[in-house]
Amino acid sequence: MSRIPLKKHQIDQKSSFRKWVGFPARSSVPPQGARGTIVSATGSGKTIMAAASALECFPDGRILVTVPTLDLLAQTAQA
């Protein structure tokens, strides 16, 4: 698994996301699936934080990401 370096506020967000999802890191995804929305300021690293959370919470699962622009899709894929 790739390691994504996170800033302090992103580590806090990732922890909050994991608590909100309601299942421990590296555990299997509940049958009903899981989804969430991260709201944070422009330039605060939402894409990186979401990628890190996805790698930790869903290491073997599929992840659907929807974005409003192709530029953001490319940025998300690179992250």
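None of the values given here were measured: they were computed from a predicted structure. (Residues numbered from 1 in each chain as written. Predicted model: local features only at pLDDT ≥ 70, side-chain atom pairs only at ≥ 80, totals over all residues. Heavy atoms only, no water.)

**Q** Which residues make up the overall build of the protein, and what values do they have?
**A** Along its length, the protein carries 3 helices and 0 strands. The proportion of buried residues among the 79 residues of the protein is 23%. Approximately 6,000 Å² of the protein is accessible, and the part contributed by carbon and sulfur atoms is 56%. (Helix = DSSP H or I, 4+ residues; strand = E, 2+ residues; numbered from the N terminus. Buried < 20%, exposed > 50% of the residue type's maximum accessible area, 1.4 Å probe, protein only. Areas by Shrake-Rupley, 256 points an atom, 1.4 Å probe, with all protein chains shown as cover.)

**Q** Give me the lowdown on the environment of alanine 52, citing residues and values where you can.
**A** Relative to the helices and strands, alanine 52 is located in helix H2 (residues 46-57). You can call alanine 52 buried: its relative accessible area is 7%. The sequence separation of alanine 52 and lysine 14 amounts to 38 residues, and the corresponding C-alpha distance is 7.7 Å. In contact with alanine 52, not counting residues within four places along its chain, are Ile4, Leu6 and Lys14. (Contact = heavy atoms within 4.5 Å.)

**Q** Can you break down H2 residue by residue, with the values?
**A** The end-to-end C-alpha distance of H2, which contains 12 residues, comes to 16 Å, matching closely the 16 Å that a straight helix rising 1.5 Å per residue would cover. Those residues of H2 that sit buried are Thr47, Met49, Ala51, Ala52, Ser53, Ala54, Glu56 and Cys57. Contacts made by the buried residues of H2 are with helix H1 (8-21) and helix H3 (70-78). (Expected span 1.5 Å × (residues − 1).)

**Q** Can you tell me about the pattern of salt bridges, naming the residues and giving the values?
**A** Tallying each qualifying case throughout the model produces 1 salt bridge. In this structure, aspartate 12 and lysine 8 form a salt bridge, with 2.9 Å as the shortest nitrogen-oxygen distance. In this pair, aspartate 12 and lysine 8 both sit in helix H1, 4 residues apart, roughly one turn of the helix. When its relative accessible area of 59% is taken as the criterion, lysine 8 is described as exposed. (Salt bridge = Lys/Arg side-chain N within 4 Å of Asp/Glu carboxyl O.)

**Q** Describe the environment of valine 67, naming the residues involved and giving the relevant values.
**A** When you line up the elements, valine 67 lands in the loop between H2 and H3. Ignoring sequence-local partners within four residues, the contact set of valine 67 consists of Leu72, Leu73 and Thr76.

The analysis is restricted to geometry; functional conclusions fall outside its scope.
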